[in-house]
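One letter stands for each residue in the lines below.
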Amino acid sequence: MSTECHIFQARPSALRRREGLVFFCFRAATYFVLLCGALIFGTIVFKGAGSVFQVRAPFLNTTFLTEAPESLHVFEFHGQKMELGDGDYRVFQARHPDVARVKSESYIYSAGGIFPCIVGTVLLVLGSMAIALILGVSAAIYLNEYARDGRFIRFVRLAILNLAGVPSIVFGLFGFGMFVIFFGWNVSLLAGWFTLAFMVLPVVITASEESLKAVPRGFREGSLALGATKWQTIRKNVLPYALPGILTSSILGIARVAGETAPIMFTAAYVVRDKLPWQVDKFSEFFFQGVMALPYHIYVVSSKIPQNEYTERVQYGTAFVFLLIVALIATASIVLRSRLRNRYQW
Amino acid sequence: MVTSAPSLMETRPSASVRHPTVAAPATGAAVAPAGATLVDIDQLDFFYGALQALHGVTLGIENRKVTAFIGPSGCGKSTLLRCLNRMNDLIDGARVAKGMIKIRGIDIHRPDVDVIELRKRVGMVFQKSNPFPKSIHENITYGLKLQGQTNKARLDEVVETSLRGAALWDEVKDRLHTSGLGLSGGQQQRLCIARALAVEPEVILMDEPCSALDPVATAKIEELIQELRTRFTIVIVTHNMQQAARVSDKTAFFYLGKLIEYADTRTIFMNPAHAQTEAYVSGRFG
């Protein structure tokens, strides 16, 4: 043991110990968040990936992704355990009439796939984001570029902030009262689009305004000094540079729009629907039809049917596909954003 | 000349904003001889809200001459410059309370004046060079495209003449389609000048164009101003008195929002009439 002691000698002290403890807590908190995330994603991926991917070529379970939900019939037939979807069960019945005497259990939605839900969610996201972006960006341009700061504008901003804090179920009920009943649109894509759009509008407006503010003043002045009108300036020399930021905000919006169940529960979502959205007689009917949607389907299959080995496939599979789609849309937006950003940099 | 002049900046139906051809280069310029007064500022009082920035400024800016505005910070020289193309309209609460500014005899605050037409004729170069984050080519053609010019050959021609006019052509001719932001500070400022030249203004306002540049880049801009003076009326705001002495024909000295003295540059620097001017140009205050 060295007895040498110098003026910078490290010594254990209460101060040091306290510091160590505090940093340990911070680290533990961070790891705990990580653990929760890993558990959620891990469970869904572990249990759900099997419904979507398979070991044999083409490695993708096309039935699950491209077909409508069916009931699953489970029965024992001549000592052999059979699990058949609705369609196959009927074919089987026709071929073996004596199957009617066998006791069979059936589980709804547990066979087939979730194609209509995927289509419905994609349609809901596209439509509502289009509406939210058009309304939101227009409002942001007005607030940031045209409106003079005054009491009214401050009030508008306050209203937008408050709107952001409204629970989604309230938006759902508002949409139900306003679009479904008052406008008479019934449970329809259109009602769902507007309800979801209103829900993400505050996010889109606030973020668009921030992105517009981030565009240097010099670009506006330079453009105006060349004889551009205010609108020409905004369209050619402000909006293009603000677009990456606006897209970033809309990524968050997409995840929310795709994931919310409450707003579409009353306005757009069907538990089950045989027809696909494009199977309409008239073009106008397209907007006035309800659709199946992933989040609502997750709600239905997780709360309305029993939990067992036969239903697990669709329960976790749906959640997995849902995560996959949100990730896909988000990735696409991020790629688009970075492309735009590379084009306009200052 | 006077009879045809009012139409130059008059408010026209909205279509005028993008009329099909580029406006002919300042038709009247050939008539007005160099040295005749182009811009008349008469008893101008200007306010930012309750704060008076200019007090009764009267000044005539001569055609195809370089006029320098000098004075300490906050003396109103930039404010006056920005009045000339009504850039101050953008600032909330900024207003002309009294007096008027006439360009070619037309009061630019008259209600039938289209500020777009005004700014096409009175171009501006800013203190902080502000090339748009577009290619050099797009930067130059920005103003013309706004006016509806789509002829590619014509646009290419304007790009070349403007860049040559701004003494930038030889440096950038091989990379016209790369970003204007890839240029050096001095080149960026010359790009901004070229961009202003492209719309063929009569007057070019320069708001401390060299304040962010090194001496070499500054020298190039000053050289450029010497070349441009034969074709354009230039008004330059500068903090650098040597610069004013080098480039300008006439110099106006401002102090606390008042025009103290306005005379030939030589007179201002060699033989000023006012003690304040003398003190400022000799570096004793400001």
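Q: Any chance you could break down the overall build of chain A for me, citing the residues and the numbers?
A: For chain A, the helix and strand inventory stands at 13 helices and 3 strands. Radius of gyration (C-alpha) of chain A: 27 Å, far over the 20 Å computed for a compact globule of 346 residues. Taking the principal axes of the C-alpha coordinates as reference, chain A spans close to 85 × 85 × 40 Å. Relative to its 346 residues, chain A shows a buried fraction of 43%. Of the roughly 19,500 Å² of accessible surface on chain A, a fraction of 65% belongs to carbon and sulfur atoms. Taking the average place of the 32 positive charges on the side chains of chain A and the average place of its 21 negative ones, the gap between the two points comes to 13 Å.

Q: Residues and numbers for the pairing of strand S9 (residues 250–255) of chain B, please.
A: Both faces of the sheet carry side chains from a regular strand, because those side chains alternate between them. Residue and element names in this part refer to chain B. For S9, the tally of buried residues reaches 5 of 6 residues, placing the bulk of the element in the interior. When strand S3 (residues 66–70) meets S9, the two strands line up parallel, connected through 4 bridges. Within the sheet, the bridge partner assigned to Thr67 lies in S9 and is Lys250.

Q: Please provide a residue-by-residue account of the environment of Ile329(A), values included.
A: All names here are of chain A. Examined against the element boundaries, Ile329 turns out to sit in helix H13 (residues 312–343). Measuring from C-alpha to C-alpha, the distance between Ile329 and Val125 comes to 9.7 Å, with 204 residues separating the pair along the chain. Residues contacting Ile329, with those up to four places away along its chain left out, are Val125 and Ile254.

Q: Lay out the interface of chain A and chain B with the relevant residues and their values.
A: Listed per partner, the contact involves 22 residues of chain A and 26 residues of chain B. In total, about 2,000 Å² of surface goes out of reach between chain A and chain B, with carbon and sulfur atoms giving 61% of it. There are 2 salt bridges connecting chain A and chain B. Close ionic contact of Glu221(A) with Arg82(B) constitutes a salt bridge, the shortest N to O distance being 3.0 Å. Across the chain A-chain B interface, the total number found is 6 residue pairs in polar contact (both at pLDDT 80 or more). Among the secondary structure elements, those contributing two or more residues to the side of chain A that touches chain B are helix H8 (217–225) and helix H9 (230–237) of chain A. No other element matches the 8 residues that H8(A) contributes to the side of chain A that touches chain B. Each residue belonging to the side of chain A that touches chain B can be placed in one class, and the counts come to 8 nonpolar, 9 polar and 5 charged.

Q: Any details on the nonpolar core? Residues and values, ideally.
A: Counting 56 residues, the largest nonpolar core has Ile114(A), Leu124(A), Leu189(A), Trp193(A), Ile264(A), Leu294(A) and Val321(A) as the members making the most contacts within it. Contributing elements (two or more residues each) for this core: helix H1 (14–52), helix H4 (115–146), helix H5 (151–164), helix H6 (168–182), helix H7 (189–214), helix H10 (239–259), helix H12 (294–303) and H13 of chain A. Broken down by element, the residue count for this core peaks at 11 residues, all from H7(A). Ignoring anything within four residues of it in the chain, the contact list for Ile114(A) reads Phe64(A), Glu67(A), Leu294(A), His297(A), Val314(A), Thr318(A) and Val321(A). Residues Val66(B), Ala68(B), Ala196(B) and Leu224(B) belong to the second largest nonpolar core, which totals 44 residues.

Q: Kindly report on the sheet that holds strand S7 (residues 203–207) of chain B, identifying the contributing residues and their values.
A: All names here are of chain B. With mixed pairing, the 6 strands of this open sheet are ordered in space as S6-S7-S8-S3-S9-S10. On the outer flanks of this sheet lie strand S6 (122–125) and strand S10 (258–264), each paired with one strand and no other. Here the average twist between neighbouring strands, direction ignored, is 15°. Pairing of S3 with strand S8 (residues 233–237), which is carried by 4 bridges, proceeds in the parallel orientation. Looking across to S8, one finds that Ala68 is bridged to Ile236.

Q: Residues and numbers for the confidence of the model for chain B, please.
A: All names here are of chain B. Overall, the predicted model of chain B reaches an average pLDDT of 86, with 88% of residues at or above 70. This stretch, residues 14–30, has a pLDDT under 50; its non-local contacts, to residues over four places away or in other chains, come to 27 contacts. Here the complex is predicted with pTM 0.80, and the ipTM for its interfaces comes to 0.84.

Q: Describe in detail the state of the cysteines, supporting the description with residues and values.
A: Tallying each qualifying case throughout the model produces 0 disulfides over all chains. Sulfur of Cys192(B): no disulfide; nearest cysteine sulfur belongs to Cys210(B) and is 12 Å away.

Q: Break down the side chain of Asn85(B) for me, citing the residues and quoting the values.
A: Structurally, Asn85(B) is set in the loop between helix H1 (77–84) and strand S4 (94–103). For Asn85(B), a relative accessible area of 0% translates into the label buried. Apart from residues lying up to four places away in sequence, Asn85(B) is in contact with Ala225(A), Val115(B), Leu118(B), Arg119(B), Val122(B), Met124(B) and Leu205(B).

Q: Provide a residue-level description of the sheet that holds strand S1 (residues 37–48) of chain B, including the pertinent values.
A: Residue and element names in this part refer to chain B. Taking strand neighbours across the sheet as the criterion, the 4 strands line up as S2-S1-S4-S5 in an open arrangement whose pairing is antiparallel. A single partner strand is all that each edge strand has here, and the edge strands are strand S2 (51–62) and strand S5 (106–107). In this sheet, S5 lies alongside S4 in antiparallel orientation, the contact comprising 2 bridges. Within S5, the position partnered with Ile103 by the bridge is Ile106. Strands in contact with H1 are S1, S2 and S4; relative to S1, the strand with the most contacts, it is inclined by about 120°.

Q: Kindly report on the pattern of salt bridges, identifying the contributing residues and their values.
A: In total, this model carries 26 salt bridges over all chains according to the counting rule given. In this structure, the salt-bridge partner of Glu260(A) is Arg256(A), at a minimum N-O distance of 3.7 Å. Residue class for Glu260(A) comes out buried when judged on its relative accessible area of 18%. With a relative accessible area of 28%, Arg256(A) lands in the partly exposed category. Notably, a salt bridge pairs Glu278(B) with Arg284(B), separated by 2.6 Å at the nearest N-O pair. Note on Arg284(B): relative accessible area 60%, which makes it exposed. A cluster of three or more residues bridged by salt bridges with shared partners is formed by Glu62(B), Lys65(B), Lys250(B) and Asp264(B).

Q: Lay out the packing of aromatic side chains in plain terms, naming residues and giving numbers.
A: The full count for this structure, using the stated rule, is 28 aromatic pairs over all chains. Judged by centre distance (5.7 Å) and plane angle (45°), the rings of Trp185(A) and Phe194(A) are tilted. Members of the aromatic cluster, connected to one another through ring pairs, are Phe174(A), Phe179(A), Phe182(A), Phe183(A), Trp185(A), Phe194(A) and Phe198(A). Sitting over the ring of Phe47(B), Arg95(B) keeps its end group 4.8 Å from the ring centre. For the cation-ring pair, Arg195(B) lies above Phe132(B), with the distance from its terminal atom to the ring centre recorded as 4.0 Å.

Q: An account of unusual backbone geometry is requested, with residue identities and associated values reported.
A: Glycine aside, a negative phi is what most residues show, and trans is what most peptide bonds show. One non-glycine residue, Asn186(A), lies in the positive phi region at around 60°. Summarising the element assignment, Asn186(A) is placed in the loop between H6 and H7. Of note in this structure, Ala167(B) is not a glycine but carries a positive phi near 55°. Its place among the elements puts Ala167(B) in the loop between helix H4 (152–165) and helix H5 (169–172). The exposure class assigned to Ala167(B) is partly exposed, which follows from its relative accessible area of 35%.

Definitions and limits used
- Starting from 1, residues in each chain are numbered consecutively following that chain's sequence as written.
- In the order they appear in the text, chains get letters beginning with A and ligands get numbers beginning with 1.
- Whole-chain, interface and lining totals are the exception, using all residues; otherwise, since this is a predicted model, local features are given only for residues with pLDDT of at least 70 and side-chain atom pairs are given and counted only at 80 or more.
- In computing side-chain properties, one takes all heavy atoms of the structure into account and sets aside hydrogens as well as water.
- Only DSSP runs of H or I reaching four residues or more are called helices, and only runs of E reaching two or more are called strands; each is numbered from the N terminus.
- Restricting the calculation to C-alpha atoms gives the radius of gyration, and the globule rule supplies 2.2 Å times the number of residues raised to the power 0.38.
- Exposure categories follow from relative accessible area, calculated using a 1.4 Å probe and restricted to protein chains: below 20% of the type maximum is buried, above 50% is exposed, and the middle band is partly exposed.
- Accessible areas in this description were obtained via Shrake-Rupley with a 1.4 Å probe; residue shielding takes into account the shown protein chains only.
- We count Lys and Arg on the positive side and Asp and Glu on the negative side, and we leave His and both chain ends out.
- To locate a charge, take NZ of a lysine, CZ of an arginine, CG of an aspartate or CD of a glutamate.
- Strand pairing follows a simple DSSP-based rule, namely that at least 2 bridges must link the two strands.
- Only heavy atoms enter the contact rule, under which two residues are in contact if any of them lie within 4.5 Å.
- Here the quantity called buried area is the accessible surface, traced with a 1.4 Å probe, that two parts lose on coming together, added over both.
- A carboxyl oxygen of Asp or Glu within 4 Å of a side-chain nitrogen of Lys or Arg is what we treat as a salt bridge.
- For this analysis, a polar contact is any N or O atom pair within 3.5 Å, provided that within protein one partner can donate a hydrogen and the other can accept it, and provided that sequence-adjacent residues contribute only side-chain to side-chain pairs.
- Only Asp, Glu, Lys and Arg are considered charged in this grouping, and only Ala, Val, Leu, Ile, Met, Phe, Trp, Tyr, Cys and Pro are considered nonpolar; every other residue, Gly among them, is considered polar.
- Nonpolar core, defined: a set of buried Ala, Val, Leu, Ile, Met, Phe, Trp, Tyr and Cys residues in which side-chain atoms within 4.5 Å join the residues together.
- In this description, a line fitted to the C-alpha atoms serves as the axis of each element, helices being fitted only across the stretch in contact, and the angle between N-to-C directions of two axes falls anywhere from 0 to 180 degrees.
- pLDDT runs from 0 to 100 and stands for how confident the predictor is about each residue.
- Note on terminology: pairs of cysteine sulfur atoms within 2.5 Å are recorded as disulfides.
- Geometry of aromatic contacts follows a simple scheme: Phe, Tyr and Trp rings, the Trp one being its six-membered ring, pair when their centres are within 6.5 Å, and the pair is stacked under 30 degrees between planes, edge-to-face over 60, tilted otherwise.
- Note on criteria: charge over ring means Lys NZ or Arg CZ within 6 Å of the ring centre, with the direction from the centre no more than 35 degrees off the ring normal.

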